[in-house]
Amino acid sequence: MSINRARLDRFISETCQINRKKVRLLLAQKRVTVDGVIATDIALPIYKFSVISLDNKVLQQHQALYVMLHKPIGVVCATKDDKHRTVIDLLGELLSAEEKASLHIVGRLDLNTSGLVLLTNDSRWSEKLTSPKSKVAKHYLVTLQNPLTQEYIAAFSAGMYFAYENITTLPVVLTITSQYQAEVVLTEGRYHQIKRMFGRFNNPVIALHRTSIGKYVLEESLNLGESKLINVSI
Ligand code: URA
């Protein structure tokens, strides 16, 4: 059974092919542990990464995987693609084929955007990072074709109306770092958001690079195309 959240009795019943009455007996006999602790509550919530054992035999043990990747331009944020190399292709020997197949991407980047991409098989973690409610800050470095002016700062902060989605963007912090470069902080992820926002000033983005997602900062030691497993706090 693949679970995000389930009840302990249901999990044991389905995994061991026994009825719920027998499961209750096993629990009463203290033969089941969840994450190393004896479990007696039939309704105990269990998750994909709970380690569940019966008579010291492991019934479920999935490893949570968290990957940091430095995405180059020209690599697509998808798990499969007919035309381009994908972020999964870049993982090389880091993980087994089965582990790679379990991953999903935590906030995509466009084909021609570089920088930090996170991947995981832990949807509870990725949902926290991507949920609109969490308003997790994502930092980008942007290079523009035309010079920036102070007007941009107010316009980004006020939000822009996108007719296609019928939404107004949340306030965006824009810091001008040089005539053609800025740092932009988004707390949501609308389709091509940064390019569209600069598009309002008819100012094409010529380079876009993500440096962080929340507290996860692209490590300087990771060259373009390189990846590593990271530890996270939930
Ligand atoms: N905004 C964009 O336009 N592209 C990205 O990849 C991310 C944010």
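Residues numbered from 1 in each chain as written. Predicted model: local features only at pLDDT ≥ 70, side-chain atom pairs only at ≥ 80, totals over all residues. Heavy atoms only, no water.

Asks: Tell me what's going on with the domain arrangement of the chain, and back it up with residues and numbers.
Replies: Splitting the chain by domain gives domain 1 (5-60), domain 2 (66-133 + 223-234) and domain 3 (137-213). Between the C-alpha centres of domain 1 and domain 3 there is a distance of 50 Å. (Domains from an automatic or database assignment.)

Asks: Can you break down the pattern of salt bridges residue by residue, with the values?
Replies: Counting across every chain of the model gives eight salt bridges. Between D9 and R20 there is a salt bridge, and its shortest N-O distance comes to 3.5 Å. You can see D9 sitting in helix α1 (residues 8-16) and its partner R20 sitting in helix α2 (residues 20-28), a full 11 residues away along the chain. Given the relative accessible area of 3%, D9 is considered buried. Each of R7, D9 and R20 takes part in one network of salt bridges that share partners. (Salt bridge = Lys/Arg side-chain N within 4 Å of Asp/Glu carboxyl O. Helix = DSSP H or I, 4+ residues; strand = E, 2+ residues; numbered from the N terminus. Buried < 20%, exposed > 50% of the residue type's maximum accessible area, 1.4 Å probe, protein only.)

Asks: Got a sec to walk through the packing of aromatic side chains? Specific residues and values, please.
Replies: Tallied over the full model, the rule gives six aromatic pairs. Here the aromatic rings of Y66 and W125 are separated by 4.9 Å at their centres, their planes lie at 75°, and the arrangement is edge-to-face. Of this pair, Y66 sits in strand β7 (residues 66-71) while W125 sits in helix α4 (residues 123-130); the two residues are 59 residues apart in sequence, bridging distant segments of the chain. An identical accessibility class is assigned to Y66 and W125; each is buried. Taking the centre distance of 5.5 Å and the plane angle of 75° together, the rings of W125 and Y216 count as edge-to-face. Linking W125 in helix α4 with Y216 in strand β16 (residues 216-217), this pair joins segments that are 91 residues apart in sequence. The buried category is assigned to Y216, whose relative accessible area is 9%. Here the aromatic residues Y152, F156, F198 and F201 are joined through ring pairs into a cluster of three or more. The ring of Y47 carries the charged tip of R124 above its face, separated from the ring centre by 3.9 Å. It is R196 that lies over the ring of F162; its NZ or CZ is 3.9 Å from the centre. (Phe/Tyr/Trp six-rings, centres within 6.5 Å; stacked < 30°, edge-to-face > 60°. Lys NZ or Arg CZ within 6 Å of the ring centre and 35° of its normal.)

Asks: Residues and numbers for α1, please.
Replies: If you check which residues of α1 are buried, you get L8, D9, F11, I12 and S13. Packing partners of the buried residues in α1 comprise β1 (5-7), α2, β2 (32-34), β4 (45-47), β5 (52-54) and β6 (57-60). Just past α1, the residue Q17 takes up positive phi, approximately 55°. (Contact = heavy atoms within 4.5 Å.)

Asks: Please give an account of the site of the ligand that cites residues and values.
Replies: If you check the shell around the ligand, you find L109, D110, T113, Y140, H192, Q193, I194, K195 and L208 and nothing else. Note that an oxygen atom of the ligand is positioned 3.2 Å from one of the backbone N or O atoms of K195. Against a free-state accessible area of 240 Å², the protein chains account for coverage of 95% of the ligand. By residue class, the composition of the shell around the ligand is four nonpolar, three polar and two charged. Per-domain counts for the shell around the ligand show at least three residues from each of domain 2 (66-133 + 223-234) and domain 3 (137-213). (Near = heavy atom within 4 Å. Polar contact = N/O pair within 3.5 Å; in protein donor to acceptor, adjacent residues only side chain to side chain. Areas by Shrake-Rupley, 256 points an atom, 1.4 Å probe, with all protein chains shown as cover. Nonpolar A, V, L, I, M, F, W, Y, C, P; charged D, E, K, R; others polar.)

Asks: Provide a residue-level description of the pairing of β6, including the pertinent values.
Replies: Summarising the sheet, β5 and β6 pair through three bridges and their orientation is antiparallel. Of the residues in β6, the one forming a bridge with S53 is V58. Where β5 hands over to β6, the hairpin turn is made up of two residues, of which D55 adopts a positive phi near 50°. (Pairing = 2+ DSSP bridges.)

Asks: Give me the packing of α1 against α2: which residues, what numbers.
Replies: With their axes 9 Å apart at the nearest point, α1 and α2 run at an angle of 115° to one another. Viewed along their axes, α1 and α2 adopt a mutual orientation that is roughly perpendicular. Crossing of α1 over α2 shows right-handed handedness. For the pair formed by α1 and α2, the contact residues are L8, D9, R10, I12 and S13 on the first element and R20, V23, L26 and L27 on the second. Considered class by class, the residues forming the contact of α1 with α2 number five nonpolar, one polar and three charged. (Axes fitted to C-alpha atoms, helices over the stretch in contact; angles between N-to-C directions. Parallel < 35°, antiparallel > 145°, perpendicular 65-115°, else oblique. Left-handed = near helix turned anticlockwise from the far one by under 90°.)

Asks: Quick one: what's the story with the side chain of N203, residue by residue and with numbers?
Replies: Within the fold, N203 resides in the loop between α6 (193-199) and β15 (205-213). The exposure class of N203 is buried, given its relative accessible area of 2%. Once residues lying within four places of it in the same chain are set aside, the contact partners of N203 are L144, Q145, N146, P147, Y152 and F198.

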